[in-house]
Amino acid sequence: MQPDDEDLKKIASMLVEIKDDLSSGKAENPFAVPVGYFDSLNAEVMKKIESLPDFESVSSENPFQVPAGYFESLPTIIQQRIVENKSKKISIGEWIAEVFSQPAPKYALAFASIILVIVFSTKYFTRTVKVDYVDQQIPDSEQLDAFYLQQVDESTLAEVYSEEFTATTTTDSQNQGIENYLLDNDIDINSITEQL
């Protein structure tokens, strides 16, 4: 976004006022240095350098020293600690007692949470669900009026009815002949119910 002419005039007038104030002495230059600053700068820097300690004399002492024979005995110390840690293996029961016996248990909350999750998940996944089956006969007229049956296509419905009727094997030859006729001629059951 570029400034328009009025904004440029305002900025120009402000800059002219600042220049006039600086030249007339009404305002101080924020970038001014004290009188004689650069003349005394060299002496000030040298004075600070001379006040530093003598690094050559200080460096004769090595502050990073180890006890005598440290590196010769280090492998045996490491080996002893490994053997001690292997011999300190504790059982789960001792570990649980140690965790809960301290005044501020480190892992007690996490341990209790894990145990609760395990217990409840085993109870949940091994539960038995009892389903009461009600042997209730639904009249054929309600079955035909059911919404989900209107969503089933004719071939699926014909298969279901044919399996049901072949499983029960009716002895009535007239009914068997009607079923075969409906299946062979691919007649829509909904059209039959509408005509009835």
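Everything below is about the structure shown above.
Nothing here was measured: the structure is a model prediction, and the numbers come from that model.

What counts and what doesn't
- Residues numbered from 1 in each chain as written.
- Predicted model: local features only at pLDDT ≥ 70, side-chain atom pairs only at ≥ 80, totals over all residues.
- Heavy atoms only, no water.
- Helix = DSSP H or I, 4+ residues; strand = E, 2+ residues; numbered from the N terminus.
- Buried < 20%, exposed > 50% of the residue type's maximum accessible area, 1.4 Å probe, protein only.
- Areas by Shrake-Rupley, 256 points an atom, 1.4 Å probe, with all protein chains shown as cover.
- Phe/Tyr/Trp six-rings, centres within 6.5 Å; stacked < 30°, edge-to-face > 60°.
- Patch = residues over 30% accessible without salt bridge, like charges linked within 9 Å, V, L, I, M, F, W, Y side chains within 5 Å.
- Salt bridge = Lys/Arg side-chain N within 4 Å of Asp/Glu carboxyl O.
- Lys, Arg positive; Asp, Glu negative; His and termini not counted.
- Charge placed at Lys NZ, Arg CZ, Asp CG, Glu CD.
- Expected span 1.5 Å × (residues − 1).

S.K.: Where do I start with the overall build of the protein chain in this structure?
M.R.: What the protein chain contains, in helices and strands, is 11 helices and zero strands. Going residue by residue from the N terminus, the α and β elements of the protein chain occur as α-α-α-α-α-α-α-α-α-α-α. A burial count over the protein chain gives 3% of its 196 residues as buried. Surface summary for the protein chain: the accessible area is close to 18,700 Å², and the carbon and sulfur share equals 59%.

S.K.: Sorry, what's going on with the packing of aromatic side chains here?
M.R.: By the definition in use, this model includes three aromatic pairs. Ring plane angle 80° and centroid distance 5.2 Å describe the contact between Y70 and F71, whose orientation is recorded as edge-to-face. Judged by its relative accessible area of 35%, Y70 is partly exposed. Measuring from ring centre to ring centre gives 5.2 Å for Y124 and F125, while their planes differ by 80°; the resulting arrangement is edge-to-face.

S.K.: How should a nonpolar patch on the surface be read in this particular structure?
M.R.: Judged by side-chain polarity, V33, Y37, F38, L41, V45, M46 and I49 come together as a nonpolar surface patch covering roughly 650 Å² of accessible area. With respect to the helices, strands and loops of the structure, F38 is situated in helix 2 (residues 37-50).

S.K.: Got a minute to help me understand the environment of A108 in this structure?
M.R.: Along the chain, A108 turns up in helix 6 (residues 108-125). Sequence separation between A108 and I96 is 12 residues; the distance between their C-alpha atoms is 8.5 Å.

S.K.: What is the right way to look at a negative patch on the surface in this model?
M.R.: Together, D153, E154, E159, E163 and D186 make up a region of like negative charge exposed at the surface. With respect to the helices, strands and loops of the structure, E159 is situated in helix 9 (residues 154-168). Its relative accessible area of 48% is what places E159 among the partly exposed residues.

S.K.: Help me understand helix 2 in this model?
M.R.: Three- or four-residue spacings in an α-helix give side chains the same orientation, since the helix completes a turn every 3.6 residues. The end-to-end C-alpha separation of helix 2 is 20 Å, in line with the 20 Å expected for 14 residues at 1.5 Å each. Here helix 2 lies mainly on the outside; zero of its 14 residues are buried.

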